[in-house]
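Observations on the three-dimensional arrangement
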Amino acid sequence: MADKRRSNVVIFTCSWYPAIAADNAGVTNQQYPSDARIITLACAGRLTPALILDAFGAGARGVLVAACKTELCHYVNGSLTCKEIVEETKDLVELLGIGAKRLHLETFDSEDGQRFAEVVSEFCGKIEKLGMVDVDAVPK
Amino acid sequence: MASEIDLEKKIEETRAYNCIECGICTGSCPVSRVNPDFSPRLFVEKLLLGPKDEILLDKELWSCLTCKTCSVRCPATVDYNEFMRAARVLAREAGYEGVDSHAGVLRSIMELHAKGFKPKGTSWVDESLKTRKTGEDFYFVGCLPYFDVIFRNIELTSTPIANAAVKLMNKVGITPVVSENERCCGHDFFWSGHNDEFEKLAKYNQKLILDAGAKRVIFTCPEGYHTFTKVYPTVLGKLGFEVVHITDVLLEKAKKGELKFRPAAGLPPATAPLREGKGAGPGESQTDSGSAPAPIKVTFQDPCRMGRMMGHTEGMRELLGLIPGVELIEMPRNRQDAVCCGSVEWVSCVQCDKEIQLGRLAEAKRTGASILVTACPKCRIHLTCAKYDKDRDVDIEIRDIVSLVLDSVE
Amino acid sequence: MSKETSTFALSRALPRIGVIICQCGTELSSALDLSKVEEHARALSGVVYAKTEAYPCSRPGIAALKNLLKEKGLERVVIAGCTPRLHGRFVAKALEETALNRWYIEVANIREHCSRVHRNKAEATEKAKELVAASVKKVALAEACEPIKSKPRNAVLVVGGGASGLAASGTLADLGNDVTLVEKEDVLGGMLLKLDKPYPFGKSAKEIAKERISRIDGRVRIFTRTEVYSLKGAPGQYLVQLSTDGKLKEQEFGAIVVAVGAECISVEELLRTPLLKGISEFAGRVITQLELEAETAGKPARGVLGNMRSVLFVGASVPELSHSGARLFSLVALKNAAILKEGNPDLQAWFLFDDLPSDLEREFRRARNAGVQFVRPDDPSVLRFVREGLRGCGDLEINVDLVVLPSFLRMPSSARKLAEVLRIPVDARGFFIQPHIKLWRNDFAERGIFVIGSCHSPATLLEASEHATAAASLTTRFVTSEIVRAPLLSNIDRKVCRGCRRCFEACQWDAIEMIKRESDIELAVVDEVLCTGCGVCSTVCINGAPSLAPVSQKQIRAMLEVVGA
């Protein structure tokens, strides 16, 4: 039975290939699930573990990080830093009972809107199967 | 939900009006020594003379370590800790955000705990250990598993302390409950002004422990110990279980003969020559001379939360004293005068705090000890972090007391 | 911009926020229920005005907006419409002229990120509401930032004295620039010194090289045996260390043109690839196009191959080796096949290919008219060499004395080092990617470093010349006018920094310096000119000392609170 509680999938994109790809997805009328919410950062390298955890804390069911392929990063090591951060945060997300499957990093090497839409759709589909995150109510 | 804290009432309650401006607080404060903009006395002065809201705006509100050195010495018995804490709660309610060290990751984790996320935190438990899901004794591991991830950048793991604790408990016949759904005890949120979240954490933890059927909760962390013992009852009323620090449990068992000691394994060699005329260098076997080897000198960092805030200083020393071959040399500032490790509640973690840490490490080194023994995982982390940058020569090994005891028992 | 970063965020009365929702003609108004979005926006805290407009990005629309700002005393504006990279940009620019800070204007993308990608109107409308709410939260917490302005250095550096480098230097000199050209070899010319008759010029490559060199003689500062050793600085103000025979010299430049070319993969290496199955059996000679041109240069075509009677030109593109150079390699093969066959009618010439770019029609016809036989195997995977020549599936049998392979290009290892020094991203094969940076009004623009010619991707001489001219004119912006950069910056709070040096080690822009302040512990300080605002420092900092502009962590958290739930 589908959970009626509202919950979204947060997508952090850097402002280069992923952001342009996201726009192109719109330009070419690709379709992906409407629970996706895109937040664009200047560089994926500024993504801290706290921001990812905050996304889950705000209620997100899944977090997708979209960065440029590490060799193509316009800021040189931003994408590589992001990769390390996502790995570290996956460990934290496991400890927190959320599960590393709900956090995923995908790298892009082009502005292809279709690929963007496919990646988002696939991730949202995976998250849909995982359902909502298990949260306890505060005891009285 | 407002905290219902009334600043005026708090001032009365904490006796801030009693301040006689003697300045002993500032003179004692480890932060004031390195941060010219911070001073406990100045705070009280600002409060009493200026508009009440001004201190809520003050950035220095977040520099206080809540170590209680000022209060312990204040002749007017002003309760600075409570006063600072209340001010922080009000500051947050008014929208003045404090500081979050580590880009807020610890704060995020604790927030998620308070929001009810169900942690799965028992991957640290070594297979050889005996634990259970329900029982009378509950071992509260706290945030150690998270520290293992976050402090990879100073190459420090903290869960070995937990493993050592459970191993020792097993040795003295205790099979503790270890729960994977443990949430942060809330110490940091309590002291940094997140009142609502703190209450939620308290409720979650109480339920968890009662559901496990536990009658006693054992801590390795002094902050958790203090929070459960002194703060939880103010929010939850009767807890329904006893709270104890592991060093007390071990000391009791040792006195009954259930814990047998031997010279500790794996310690750095003695730095003093063995005997007159038989100058031995490091690495030479200690049994060569045929007589008792010189003791390994250690010094001890009193945790603020055990020492000053609970008056608990002797138990840990007695335990250390039971380890053969180890001699405790006190730092000049010990027990009630011990200096805080410099970073508390993941708020302030700035240059001034590093100065405090480096100063404390230097003080430890000056005792001639080769090991600084800590009894608090936080002290261990903060002092190790300061040491890691190698700014000054403060190279002294830092060891947790529980691990040291484990290395010293049969 | 040297505002003291405060670790406090004061809560004061919320600023007056206006929300304009664009109908985008009829697109958005039919794809979304805009009345619901407007209603929702009006109810958000801080919003004092919310209205749906047909064409806010049109000239009258923008004029109306400007009046609205004054009339309603709006301090922040959210425009909900198409992507900020399109019209939203114009509206934002126009509103700036009303003295509203650029960062007080936020564009919520409810088209490309919403209406266009979600067909369900109800779901898309819900999402649009949230996107607007997130932008409102973001702009409510925004802090005013001013662009970073710097005076440019009126000098251009050209790295590489080959075909494109010479062309660029020439054009730059024509435009009146102060040009410095550095070449790592002893002589100028690069690939031109190795070619015979490049397409389409009809002149010999050596002649072309001579012409180009004389064009710049006396007008460009030339340094041979010189390489770029280090680069520091920002667009318009680059400080470069040049190394000549190991001696270092520093110079300032406003822009840099990178034309280092690529190197040809040798025959020995090609012989080892799976492309040439059985090549060790082949009794004849195997050479590359480059070697062919070197051997035939300056000689008449007739009889140039000695007593070889048959030759096979391989024009097939091998994806692993050709990397978007398929056009170049096919072109060279066709041209050389045509030249050789025209000069030697008795020569048997085959051209093996599996695909030819359609714009090479003319060259293809020339070769075919000359008598070159074109062979397109049905199944390239079964091709193999035997002693006499090539065999394939069916009755494909080509016996030859000589096989000429394409001179595939790749980037030498020295190029990777240069890319690191100049901080140019490289693709999987090492070719340079044109680097960009965020400028003030436009989203992206060149960094003042232009990559031209084959070091970008295999280029014909004509293409390389075209790149060179284009780049030369684009450098103008970086050497003559004031450079205005978006204030993407990191500001390290000196009271918070602990001197752990992690940011210093992580920063790839040399923008962080460790400086002793009050105590002997060195603290990190950011150079505003060099900082690109990438934020890596803020991520590796154990303390949260750096705060990023213009979008703060606090703003992102506020947005997450809206879109997470």
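The rules behind these values
Residues numbered from 1 in each chain as written. Chains lettered and ligands numbered in written order. Predicted model: local features only at pLDDT ≥ 70, side-chain atom pairs only at ≥ 80, totals over all residues. Heavy atoms only, no water. Helix = DSSP H or I, 4+ residues; strand = E, 2+ residues; numbered from the N terminus. Contact = heavy atoms within 4.5 Å. Buried area = accessible area lost by both parts, 1.4 Å probe. Salt bridge = Lys/Arg side-chain N within 4 Å of Asp/Glu carboxyl O. Polar contact = N/O pair within 3.5 Å; in protein donor to acceptor, adjacent residues only side chain to side chain. Nonpolar A, V, L, I, M, F, W, Y, C, P; charged D, E, K, R; others polar. Core = buried A, V, L, I, M, F, W, Y, C linked by side-chain atoms within 4.5 Å. Buried < 20%, exposed > 50% of the residue type's maximum accessible area, 1.4 Å probe, protein only. Domains from an automatic or database assignment. Expected span 1.5 Å × (residues − 1). Bend = angle between axes of the 7 residues up to and from the residue. Pairing = 2+ DSSP bridges. Axes fitted to C-alpha atoms, helices over the stretch in contact; angles between N-to-C directions. Phe/Tyr/Trp six-rings, centres within 6.5 Å; stacked < 30°, edge-to-face > 60°. Lys NZ or Arg CZ within 6 Å of the ring centre and 35° of its normal.

**Concerning the environment of C:Asp527**
Mapping C:Asp527 onto the fold places it in the loop between β29 (522-526) and α18 (536-540). With 16 residues separating them in the primary sequence, C:Asp527 and C:Ala511 have C-alpha atoms 5.1 Å apart.

**Let's talk about the interface of chain C and chain B**
At the interface, 26 residues of chain C touch 37 residues of chain B. Of the roughly 2500 Å² buried between chain C and chain B on both sides combined, carbon and sulfur atoms contribute 45%. At the boundary of chain C and chain B, one finds 5 salt bridges. One salt bridge connects B:Glu60 with C:Lys495, and the closest N-O pair in it is separated by 3.3 Å. One can count 10 residue pairs in polar contact (both at pLDDT 80 or more) joining chain C with chain B. Here the side of chain C that touches chain B gets 3 residues from one element, more than from any other, and that element is helix α19 (residues 553-564) of chain C. Looking at the side of chain C that touches chain B residue by residue, the class counts come to 9 nonpolar, 8 polar and 9 charged.

**Notes on the nonpolar core**
Soluble globular proteins tend to bury their nonpolar side chains together. Counting 218 residues, the largest nonpolar core has A:Phe12 and C:Ile110 as the members making the most contacts within it. Broken down by element, this core gets its largest block of residues, 9 residues, from helix α6 (residues 121-140) of chain C. Viewed by domain, this core spans two of them, domain 1 (2-145) and domain 4 (488-549) of chain C, each represented by three or more residues. When residues no more than four places from it in sequence are discounted, the contact partners of C:Ile110 are C:Ile21, C:Leu28, C:Leu32, C:Leu34, C:Ala80, C:Gly81, C:Ser115, C:Ala128, C:Leu131 and C:Val132.

**With respect to helix α13 (residues 222-236) of chain B**
Residues and elements named next belong to chain B. An ideal rise of 1.5 Å per residue puts 21 Å on 15 residues; α13 measures up with 20 Å between its terminal C-alpha atoms. Of all the bends found along α13, the most pronounced is centred on Phe228 and spans about 40°. Positioned one or two residues after α13, Gly237 has a phi angle of 80°, which is positive.

**Structural notes on the environment of C:Arg384**
All names here are of chain C. Tracing the sequence through the fold places Arg384 in strand β18 (residues 384-385). Taking the C-alpha atoms as reference points, Arg384 and Leu141, 243 residues apart in sequence, are found 68 Å from one another. Beyond its immediate stretch of four places on either side in the chain, Arg384 contacts Lys277, Gly389, Leu390, Arg391 and Gly392.

**Examining the interface of chain C and chain A**
Where interface size is quoted, it is often the accessible area lost as the parts come together. Counting from both sides, the interface comprises 48 residues of chain C and, opposite them, 47 residues of chain A. When chain C packs against chain A, the two sides together hide about 4000 Å² of surface, and 58% of this comes from carbon and sulfur. Seen at the junction of chain C and chain A, the total is 2 salt bridges. Put simply, C:Arg557 and A:Asp54 hold a salt bridge, and the shortest N to O gap is 3.0 Å. One can count 17 residue pairs in polar contact (both at pLDDT 80 or more) joining chain C with chain A.

**What about the pairing of strand β6 (residues 371-374) of chain B?**
Residues and elements named next belong to chain B. On β6, burial covers both faces: Ile371 and Val373 on one face and Leu372 and Thr374 on the other are all buried. Relative to β6, strand β4 (residues 296-301) runs parallel, the two sharing 4 bridges. Bridge pairing links Val298 to Ile371 in β6.

**Things to note about the sheet that holds strand β3 (residues 62-68) of chain A**
Residues and elements named next belong to chain A. If you walk across this open sheet you meet the 4 strands as β2-β1-β3-β4, and the pairing is parallel. Bordering the open sheet on either side are β2 (36-41) and β4 (103-108), each of which pairs with just one other strand. Across the sheet, the axes of successive neighbouring strands diverge by a mean angle of 20°, strand direction being ignored. Strand direction decides the pairing type here: strand β1 (residues 9-14) and β2, joined by 6 bridges, are parallel. In the strand pairing of β2, Phe12 is matched with Ile39.

**Considerations on the sheet that holds strand β2 (residues 47-53) of chain C**
Residues and elements named next belong to chain C. The 4 strands lie next to each other as β2-β1-β3-β4, forming an open sheet whose pairing is parallel. A strand with exactly one partner marks an edge of an open sheet, and here the two such strands are β2 and β4 (105-109). Ignoring which end each strand starts from, the neighbouring axes of this sheet average 15° apart. Two elements, strand β1 (residues 17-22) and strand β3 (residues 76-81), share 5 bridges in a ladder whose sense is parallel. Across the sheet, the residue bridging to Gly18 is Val77, located in β3. Each of β1, β2, β3 and β4 touches α6; the most contacted strand, β4, lies at about 160° to it.

**Section: the packing of aromatic side chains**
Throughout the structure, instances matching the rule amount to 25 aromatic pairs over all chains. Ring geometry for A:Phe108 against A:Phe116: centres 5.9 Å apart, planes inclined by 40°, an arrangement best described as tilted. Relative accessible area serves as the criterion here: at 2%, A:Phe108 is assigned to the buried category. One aromatic cluster is present, built from ring pairs that chain together B:Phe138, B:Phe140, B:Phe190, B:Trp191, B:Phe198, B:Phe219, B:Phe228, B:Tyr232 and B:Phe241. The cationic tip of C:Arg76 hangs over the ring face of C:Tyr104; the distance from NZ or CZ to the ring centre is 3.6 Å.

**Digging into the pattern of salt bridges**
In total, this model carries 71 salt bridges over all chains according to the counting rule given. Close ionic contact of C:Glu252 with C:Arg153 constitutes a salt bridge, the shortest N to O distance being 3.0 Å. Pair noted here: C:Glu252 is in strand β11 (residues 247-253) and C:Arg153 is in the loop between β5 (148-150) and β6 (156-159), with a separation of 99 residues, a long-range link. By relative accessible area, C:Arg153 is classed as partly exposed at 25%. A network of salt bridges, in which partner residues are shared, links A:Asp54, B:Asp100, B:Arg107, B:Glu111 and C:Arg557.

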